[in-house]
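Summary of structural features
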Amino acid sequence: MDKIKVTVIAVVSALMGWLGILAVPVFLLLGCNLIDYGTGLAAAKYRNDGISSYKSIRGITKKVCQWLLIVVGAWVDILINYAVECAGIEITIPFIVGTVVAVWLVVNEIISILENMIDIGVTMPPFLLPLVRYIREQTEIKAAILGQDDAAEPEEDNNE
């Protein structure tokens, strides 16, 4: 039993050390993914949706893609660090883009959990869902400020 504890502590410590500021939202997202999946299954009964393997696979696929979004955000951070290093600037920038993506995903998962609980019939404090939606909005506003230069450029329509 002690070997298992030591192994788990070593793995979690190594992950937290490597992820840095990204560690907390990553662990929160893992917990939220599990809770959201469970509450979604429970809420399906109350929504008269029923549980189907197609919907379950689709839900799992969406959650895997959430994790891929964080990986992409982390890659952007790695590219930024590489560019800064190539420019001769000696600073290390933490996983900022990956962290913002992870926080946004955590907040969306929390909203989904709360909506599932409402569908199940859980009495929700009236301030909780609006508060979490406000946090999501603020995250989006802060992220939009970071990407304002891109917002000024019109997008090309490739559907023609």
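Below you will find a few notes about this structure. (Residues numbered from 1 in each chain as written. Predicted model: local features only at pLDDT ≥ 70, side-chain atom pairs only at ≥ 80, totals over all residues. Heavy atoms only, no water.)

Before going further, it helps to examine the packing of aromatic side chains. Per the counting criterion, the structure on display carries 0 aromatic pairs. Over the ring of Tyr-46 we find Lys-45; its NZ or CZ atom is 5.8 Å from the centre of that ring. (Phe/Tyr/Trp six-rings, centres within 6.5 Å; stacked < 30°, edge-to-face > 60°. Lys NZ or Arg CZ within 6 Å of the ring centre and 35° of its normal.)

Where helix α2 (residues 23–47) contacts helix α3 (residues 53–86), the axes come no closer than 11 Å and their chain directions differ by 165°. One finds that α2 runs roughly antiparallel with respect to α3. Here α2 runs over α3; the crossing is right-handed. Together, Val-26, Leu-29, Leu-30, Asn-33, Asp-36, Tyr-37 and Leu-41 of α2 and Ser-56, Ile-60, Lys-63, Gln-66, Trp-67 and Ile-70 of α3 make up the contact between the two elements. Residue composition of the contact of α2 with α3, by class: 8 nonpolar, 3 polar and 2 charged. (Axes fitted to C-alpha atoms, helices over the stretch in contact; angles between N-to-C directions. Helix = DSSP H or I, 4+ residues; strand = E, 2+ residues; numbered from the N terminus. Parallel < 35°, antiparallel > 145°, perpendicular 65-115°, else oblique. Left-handed = near helix turned anticlockwise from the far one by under 90°. Contact = heavy atoms within 4.5 Å. Nonpolar A, V, L, I, M, F, W, Y, C, P; charged D, E, K, R; others polar.)

Here the focus is the pattern of salt bridges. All chains considered together, the criterion is met by 4 salt bridges. For Asp-36, the salt bridge identified is with Lys-63, shortest N-O distance 2.7 Å. On the criterion of sequence distance, the pair formed by Asp-36 in helix α2 and Lys-63 in helix α3 is long-range, its members being 27 residues apart. Of the residues examined, Asp-36 reaches a relative accessible area of 8% and is grouped as buried. Put simply, Glu-109 and Lys-63 hold a salt bridge, and the shortest N to O gap is 2.9 Å. Within this pair, whereas Glu-109 is found in helix α4 (residues 96–120), its partner Lys-63 is found in helix α3, the two being separated by 46 residues in sequence. The same class applies to Glu-109 as to Lys-63, namely buried. Through salt bridges with shared partners, a single network forms among Asp-36, Lys-63 and Glu-109. (Salt bridge = Lys/Arg side-chain N within 4 Å of Asp/Glu carboxyl O. Buried < 20%, exposed > 50% of the residue type's maximum accessible area, 1.4 Å probe, protein only.)

Positionally, Pro-130 belongs in helix α5 (residues 128–146). Pro-130 sits in the partly exposed class, given a relative accessible area of 47%. The sequence separation of Pro-130 and Ile-111 amounts to 19 residues, and the corresponding C-alpha distance is 9.3 Å.

Let us look at the environment of Met-117. When you line up the elements, Met-117 lands in helix α4. Expressed as a C-alpha distance, the spacing of Met-117 and Thr-39, which sit 78 residues apart in the sequence, is 6.8 Å. Non-local contacts of Met-117, meaning those with residues more than four positions away in its chain, are made with Val-122 and Met-124.

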